[in-house]
Each structure stands twice: as structure tokens, then as C-alpha cells.
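Now for the letters of each chain:
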Amino acid sequence: MERSTSFAKPYSTRLFVQTVIARAYPRVIGAQREKSWMFFDIFLPLLAVSAYVFVYRAIGAPETYVGFVIMGGAMTAFWMNVLWGMSSQLYWEKEQGNLALYIIAPNSLMAILLGMALGGMLSTTLRAFVIVLVGSLLFEVQFTVASFSALFGTFILTMVALYGMGMMFSSLFLLLNREAWHLANLAQEPIYLLSGFYFPLKSLGFWIAAGASVIPLALGMDAMRQLVFPSGPSLGFLSVPIELGILAILSAGFLVGARYLLAYMERLAIREGRLTDSRR
Amino acid sequence: MSRTATVSRLSKRERNVREPLRSFFTAAWLGWQIESNWTDPFLFAVYSIIKPIAGAAILVVMYGIITRGAFESPLFVYIYLGNAFYIYVGSVMNGVSWAVIDDREHYKTLKYIYIAPIHAPFYLVGRGVARFLTATISVLVTITAGMLFLNLQLDLGTVNWPMFLAALALGVILLANMGLMLAGVTLMIAHHVWFIGDAVAGALYLFSGAIFPLEVLPNWLRPVGFAMPLTYWLELLRRALVGQVAESFPTLSHVSNGQLFGILLGLTAIFGIMGIIMFRWCEHQARERGLIDRVTNY
């Protein structure tokens, strides 16, 4: 009786934090055991991003666009983490037999997803940092940050909205089987295109850019570019305060949506017996 | 006794030819099933179209906003075709190397493949065939979209088809060999580096002159580009498809088509030998360390 009282209550903050740490732990340890990712996940993407810089050089683009590519290339790391490290990971967990264990345990699925994201954050942040640092030095990108606090706040808000969206869409992966991998694969180039990873968002035209604004990285990157490049405001889609306001709404909406959808999809997956079936 | 020995020798010779081919074709069929039967044909077709179109559209938007839509320029044709055919690079290399992760950690069949009479390199290359086929659809869709919507200066009547097909075939063999090298490396690394094929393809994007002429690179980086077989492969494809456009760029203008084929053939042979040696070495290491059936999905 005394022993049982030492367990955290279901959905308590303590259990949430414990779950986050428990899920992040194997990822952090795994990254330490196999360090080859540093070459494949940091050095090689830096070369790929450089290719886009040279495209702009080949067509005689202003140097601001080089900075846009460097920032976009760095932000791909976060999208990849959401896509492969969080959303589609649920599919792999199902294939390994872990997903059913996650559901059986008295913890929050949001905590597990957050643990996955934080566990992969080491490689993600390092990749983004190296691309910004080395890319800026190699290509002599000039940053003019007017307010570091505004830049930091924009980045954090973008990340909250992005990972909230990732959690929301992760719920779909509770139901998916082999198509999960293909759908995640499909969500790369189209998202790079619609979010303006390598060019100003407003180049897409107002209505397409407005539609793409539902992807947090689109507005987040646009706001950050306005804050760090001298000519950023002239190439921005909307003003920074408006973009931050939309990002705040998206953050709240995605987090609430994630909580609701994860619970709904979990019930649906249980009812349809999808949590343990695999390889269809 | 001598008849038995002859039969034995013949069987061995037949085995040397038949087993690799059987492994290759069976793997190709298996790979196609895995790649295509996860959904209905309509969704598969949509999937095959959206991804390459979006990839090409990124470059089109980049080019369009800077040049204000000068799509009739030879540089646009250079970029567009280079990018379209580069789809093969990631697809084939990733197709071959991904099969290792897929079989080892997803289907958990790699250990059974190793205890069956299967020729592993041919099996893995066979698994890459499905990605080659889907990549072919993507390349066709990308080029067709360019011709229909972007006025891509490609006249099918003037294409040197024998040269094009020969260059394409040689390039695919080259890519399969490069994929085999990566498959060997994949045997020794954990699941979280599964994107190795895409990562290497992305890096080679910089050096192969796929989306910009090598003259744009700094002087100290150009030799890397000239050492890459993909540079010659893409040049041959461009010359076969749009000869005049290819000639307007000075990178390889001093090299004849025959010389280009010679260089590509030589480099393909070198990469083929390197691929086999590297794969066998990595495979041996993986067996020594007990990595053939490990699961490393964190």
C-alpha cells in the first residue's frame, strides 16, 4: 500500500516530466553510441545547402538571398526532427511493438512525443547551428540583429507552434501503417516549397503564402528573416507583429488540437485494432 | 568421373550466373511490391508526381524571382534538366542502401537472407530497381511539366536517343555501384543514420554541376567536381537532349562526346570495383561484430 503511493498519479506533472525524460534518454544515449550521424547529419546537409547558395550566385542574385538560403537550410533540421523523429516514429514504434506498451502505460502520449523531439534535439540543434555558423562564415552572410530578445522570442514561438503541429499530425500515424513512411517522405519538398525555405515567402504570391502560413515555419522564418537581415522587411510577407500574433494563435490551436486528436485517434485505433497490426 | 567433374564445373558456372540473376530479379520484384502496394494506384500516382514537381518548383521559384521569369535562357534549361535527372541519384543510391535498414530492422529478414543461397550485392541492387522505376516516372513528370508550363527548350525530334539511352544506362550502373558502397556502410551503422543515401546525394549535388556550371564553384572546389563521375554523366545527358545548350557552357566544352563516354566508363568501372571491395569489407566487419540482425531504432 505504501509502495503504491510512491507512483506518480496519472497525468500529473511529475509523470509527464518523467515520461519526457524516459523517452528522450535512449535517443541521447543512442546518439552517443553511434557518432557517424555527425558526418551524415551535419556535414553533408551543409554541402547540400551550399548547392542552393551557388544556384543564387550562378543567376546573380543579391547577397541577401544567400542569407535566406542559409537560414532556410538550418531550419530544415527542425522540420526533419518533427517529421522523422516524432510523427513517423510512432509508425516505427508500432512495428517494433512499443506502441501498445505506450498505450498500456499510464502516461501521456504528448509526453512521449515531446521526449522523442527533445531526445533528437541534440543533433537537430547542432545541425542548425553548424549550418548557420559555417554557412555564414563561408559565404560572408551579414546579419543585423536589431533585437536579440525579439529574435529569440520568435524562434521559441515558431518551435512551439511547429512541435504542436507535429504532435497533432502524429495522431494520424497511430492509424497508419506502411503508408506512414511514404506520407512523411512526401512532406519534405512540398513543405520546403510552400514554407519558402530557400526564397522569400511572399514570392509565392499573397494567397498561396497566406495558405502556407498554416505551416509555422513559413511565418516563423519570414519573421526571423525580417529581424536579422537589413533588407528583410522589404522582402517580408506580413509585418513581424502580425506574424507573431498568427504564430501565437497557431501555437495554442495546435497544442489543444494535438491533445484532442491524440486522445481521439488513440480511442479509434484501439477500437479498430490498429495499434498492434503491422506490415499491411 | 570426368563426366561428373564436367557436370560439377557446369553447375558451378551456372550457379555463378544464375544465382546472382535470380537474386536480382526476385529482389527487384519484392522491392516493387514494397514500394508500390502500400496504397491504391491513384494515390501512388499522385505521390509520384507531387514530390518531384515540388522539388523542381523550388528551383523554378528561385530562378524566376531573380531573373524575372527568363525561362528561355540556356541557364534555366541547364538547371532544370540537371535537377530532373538528379532525381535518379538520390533514388537509386537510397534505394540500394535503404534496403539494408528495411530488411534488418523493419522486416527483420536480413539474417534469413544471409543464411539463404542469395547473392547479397545483387539482391540489394535488385531492391534499388523499384526506386529506379519510380524515379523514372518522376523524371518524366518533371520534364513534361517543364515543357508544358515553363516553355523548357527541349525538342524531342532533335534528341540524340542512342546517346541518351547509352548515357542513362551507364549512369544507372554507376549509381547502383555507389549505392552498394553506401549499403556496405549502412550494414555497420545504426538506424538513426538511415538517410545516408539522401545525405550523400544532397552533398554531391554541390559538386556534380547538376544545378549550376562548375565555374561557379571556387577554384579550390572545382577539382572535386571534375573527379565526380556524375559531372560527366549529366553533361552527356544534356548533350544528348539539348546539344546546343550544353555547348554554351564552357565546363566540358573541350571534351568530345567519345571522350566523355570514355571517362564515364572508366569511372564507372573504378566505382564498380570499389563498390564490391568496400561492400565485402563492410559485410565482413558486420558479420564479425554481429551487426547483421541488430535493431537500433531509438
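Owing to the predicted nature of the structure, the values given are computational and were not obtained by experimental measurement.

This brings us to the overall build of chain A. Of regular secondary structure, chain A possesses 14 helices and 0 strands. Ordered by position from N to C terminus, the α and β elements of chain A give α-α-α-α-α-α-α-α-α-α-α-α-α-α. The C-alpha atoms of chain A give 20 Å as radius of gyration, which agrees with the globular expectation for 280 residues (19 Å, within 12%). Looking at the 280 residues of chain A, the share that counts as buried comes to 57%. For chain A, restricting intrachain contacts to residue pairs at least 6 apart in sequence, the fraction spanning at least 24 positions comes to 81%. Carbon together with sulfur atoms contributes 69% to the accessible area of chain A, which is approximately 12,000 Å² in total. Between the averaged position of the 19 positive side-chain charges in chain A and that of its 14 negative side-chain charges there is a distance of 7 Å.

Residues and elements named next belong to chain A. A volume near 840 Å³ is recorded for the largest pocket. Residue lining of the largest pocket: 30 residues in total, with Met 75, Phe 78, Phe 155, Met 159 and Met 224 positioned closest to the centre. With 10 residues, helix H8 (residues 148–170) is the single largest residue contributor to the lining of the largest pocket. Partitioning the lining of the largest pocket into residue classes produces 28 nonpolar, 2 polar and no charged.

Summed over all chains, the structure comprises 6 cavities of 30 Å³ or more. Of the volumes computed, that of the second largest cavity is approximately 130 Å³. Along its surface, the second largest cavity is lined by Tyr 91, Trp 92, Arg 178, Trp 181 and His 182 of chain A together with Ile 34, Glu 35, Trp 98, Asp 102, His 106 and Tyr 107 of chain B. Put simply, the parts of the chain that give the lining of the second largest cavity at least two residues each are helix H4 (89–96) and helix H9 (179–186) of chain A together with helix H1 (2–36) and helix H3 (74–106) of chain B. When its residues are assigned to classes, the lining of the second largest cavity shows 6 nonpolar, 2 polar and 3 charged.

The end-to-end C-alpha separation of helix H12 (residues 216–228) of chain A is 18 Å, in line with the 18 Å expected for 13 residues at 1.5 Å each. Burial analysis of H12 of chain A places 13 of its 13 residues in the buried class, which makes it a mostly covered element.

With respect to the secondary-structure elements, Gln 188 of chain A resides in the loop between H9 and helix H10 (189–194). If we skip the residues at most four places from it in the chain, Gln 188 of chain A touches Trp 79, Met 80, Leu 83 and Trp 84 of chain A together with Lys 51 of chain B.

Next up on the list: the packing of helix H5 (residues 120–149) of chain B against helix H11 (residues 257–288) of chain B. Residue and element names in this part refer to chain B. In contact at an axis separation of 11 Å, H5 and H11 are set at 110 degrees when each is read in the N-to-C sense. The orientation of H5 with respect to H11, classified from their angle, is roughly perpendicular. Of the residues in H11, those in contact with Ala 120, Pro 121 and Leu 124 of H5 are Phe 279, Arg 280 and Glu 283. Here the residues of the contact of H5 with H11 are counted per class, giving 4 nonpolar, no polar and 2 charged.

What follows concerns the nonpolar core. Core analysis: the largest hydrophobic core is formed by 181 residues, its most contacted members being Trp 79 of chain A together with Phe 85 and Trp 233 of chain B. Excluding residues that lie within four positions of it along the chain, Phe 85 of chain B makes contacts with Val 139, Ile 143, Phe 164, Trp 233, Leu 234, Leu 237 and Leu 241 of chain B. In this structure, Tyr 123, Leu 124, Cys 282 and Leu 291 of chain B belong to the second largest nonpolar core, which totals 19 residues.

Per the stated rule, a full pass over the model turns up 11 salt bridges over all chains. With a closest N to O distance of 3.1 Å, Glu 63 of chain A and Arg 57 of chain A form a salt bridge. When its relative accessible area of 44% is taken as the criterion, Glu 63 of chain A is described as partly exposed. The partly exposed category is assigned to Arg 57 of chain A, whose relative accessible area is 33%. One salt bridge in this structure joins Arg 131 of chain B and Glu 35 of chain B, with 3.0 Å as the shortest N-O distance.

Residues and elements named next belong to chain A. Topologically, Leu 268 is positioned in helix H14 (residues 240–271). Since its relative accessible area comes to 13%, Leu 268 is described here as buried. For the pair Leu 268 and Leu 174, spaced 94 residues apart in sequence, the C-alpha to C-alpha distance is 9.1 Å.

One turn of an α-helix holds 3.6 residues; hence residues three or four places apart share an orientation. Spanning 12 residues, helix H7 (residues 196–207) of chain B covers 17 Å between terminal C-alpha atoms, matching the ideal 16 Å at 1.5 Å per step. Across the 12 residues of H7 of chain B, 11 count as buried, placing the element largely inside the fold. If you follow the buried residues of H7 of chain B, they end up packed against helix H2 (37–58) of chain A together with helix H2 (41–67), H3, helix H6 (161–188), helix H8 (222–227) and helix H9 (229–241) of chain B. A positive backbone phi angle near 65 degrees is found at Gly 209 of chain B, which sits one or two residues after H7 of chain B.

As a further point, take the packing of H9 of chain A against H2 of chain B. Across the interface, H9 of chain A lies against H2 of chain B with an axial gap of 10 Å and an inter-helix angle of 25 degrees. The angle between H9 of chain A and H2 of chain B falls in the class roughly parallel. Counting all contacts with H9 of chain A, which are made through His 182, Asn 185 and Leu 186 of chain A, the residues of H2 of chain B involved are Tyr 47, Ile 50 and Lys 51 of chain B. In the contact of H9 of chain A with H2 of chain B, the residues fall into 3 nonpolar, 2 polar and 1 charged.

Conventions we followed
Residues numbered from 1 in each chain as written. Chains lettered and ligands numbered in written order. Predicted model: local features only at pLDDT ≥ 70, side-chain atom pairs only at ≥ 80, totals over all residues. Heavy atoms only, no water. Helix = DSSP H or I, 4+ residues; strand = E, 2+ residues; numbered from the N terminus. Rg over C-alpha atoms; globule rule 2.2 N^0.38 Å. Buried < 20%, exposed > 50% of the residue type's maximum accessible area, 1.4 Å probe, protein only. Contact = heavy atoms within 4.5 Å. Areas by Shrake-Rupley, 256 points an atom, 1.4 Å probe, with all protein chains shown as cover. Lys, Arg positive; Asp, Glu negative; His and termini not counted. Charge placed at Lys NZ, Arg CZ, Asp CG, Glu CD. 1 Å grid on protein atoms, 1.4 Å probe; cavity = no way out; pocket = protein on both sides within 12 Å on 5 of 7 lines; lining within 4 Å. Points joined across faces, edges and corners; volume = space filled by probe spheres on them. Nonpolar A, V, L, I, M, F, W, Y, C, P; charged D, E, K, R; others polar. Expected span 1.5 Å × (residues − 1). Axes fitted to C-alpha atoms, helices over the stretch in contact; angles between N-to-C directions. Parallel < 35°, antiparallel > 145°, perpendicular 65-115°, else oblique. Core = buried A, V, L, I, M, F, W, Y, C linked by side-chain atoms within 4.5 Å. Salt bridge = Lys/Arg side-chain N within 4 Å of Asp/Glu carboxyl O.

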